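Letter by letter, the chains look like this.
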Amino acid sequence: MEDKTIQKVAAILPAYNEETTISNVLKILQKSPELDEVIVVDDGSADKTAEIVKAYGAKVIKLLQNKGKGNALKVGLENTKAGIVIFFDADLIGLTSEHVSQLVKPVLENKVVMTIGLRERWGNLPAIMVKIDPLLAIGGERALRRFVFESIPPKFTEKFTVETALNFYCKINKLPVQYVKLKKLNIVTKEKKWGLKKGFLNRLKMYWQLLKIRILILKHKKEFICK
């Protein structure tokens, strides 16, 4: 008997104090026909993020402590049986049902194992950067077969490093990936969300983590190879 969960699609959103933006994202996801369920992992928020998610009828998993994006995505995956997962940041601006379809259809149709969304910013720079180095595709909007995430060594799925690890796993194992331009999609900047100083420091921390993961991946690349 065919396992029907293979083609089920679950949207997973890591969220940390996103009460001002998450409603706009949930409105779109809850009406998107390709999605079977929407899961929000509240990563230790101190605001009303969880209450807003419940009001929209989505599943919410409340974590007591903030442990970072990678852990939140892993918790979300552990709480669904869907064979396909699609990740979204909770502070997106301009998300549409078309964006959801663009990301999930190539995976549903078995054309690729992962799609990665490229937001429309700084002209065509994200697409140019990806052509130079696929590991630079670090956008939070992506759809993938769950085995891709489950195949990443746990130590490489922490905080902001998970996107780079997913990219590297597909690259080294020569798995098909598609890059999708998501027109008019943007995100609230860290500086706007937390203030200039705190936002800038958080941005520097993210860049440091991305640099560190690249170094660690090269040292441990054998752990990423399919056996």
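What you see is a predicted model; the values in this text were computed from it and never measured.

## Concerning helix α4 (residues 97-108)
Right, so step 1: Compared with an ideal rise of 1.5 Å per residue, which puts 12 residues at 16 Å, α4 spans 16 Å between its outermost C-alpha atoms and is within 8% of the ideal.
Right, so step 2: Listed in full, the buried residues belonging to α4 are H99, V100, S101, L103, V104, P106 and V107.
Right, so step 3: Lining the buried residues of α4 we find β1 (9-15), α1 (22-29), β4 (84-87), β6 (114-119), β7 (142-145) and β8 (177-182).
Right, so step 4: Following α4 by one or two positions, N110 has its phi on the positive side, about 60°.

## Let's talk about the environment of T80
Right, so step 1: Inspection of the secondary structure puts T80 in the loop between α3 (69-78) and β4.
Right, so step 2: Relative accessible area serves as the criterion here: at 6%, T80 is assigned to the buried category.
Right, so step 3: In the structure, T80 is positioned 75 residues away from T5 in sequence and 9.5 Å away in space, judged by C-alpha atoms.

## Comments concerning the pairing of β6
Right, so step 1: With six of its six residues buried, β6 lies for the most part within the structure.
Right, so step 2: Here β6 shows no split at all, with M114, I116 and L118 on one side and T115, G117 and R119 on the other all buried.
Right, so step 3: Pairing analysis gives three bridges linking β6 to β7, with the strands arranged antiparallel. Residue pairing across strands places I116 opposite R142, the latter belonging to β7.

Parameters and conventions
Residues numbered from 1 in each chain as written. Predicted model: local features only at pLDDT ≥ 70, side-chain atom pairs only at ≥ 80, totals over all residues. Heavy atoms only, no water. Helix = DSSP H or I, 4+ residues; strand = E, 2+ residues; numbered from the N terminus. Expected span 1.5 Å × (residues − 1). Buried < 20%, exposed > 50% of the residue type's maximum accessible area, 1.4 Å probe, protein only. Contact = heavy atoms within 4.5 Å. Pairing = 2+ DSSP bridges.

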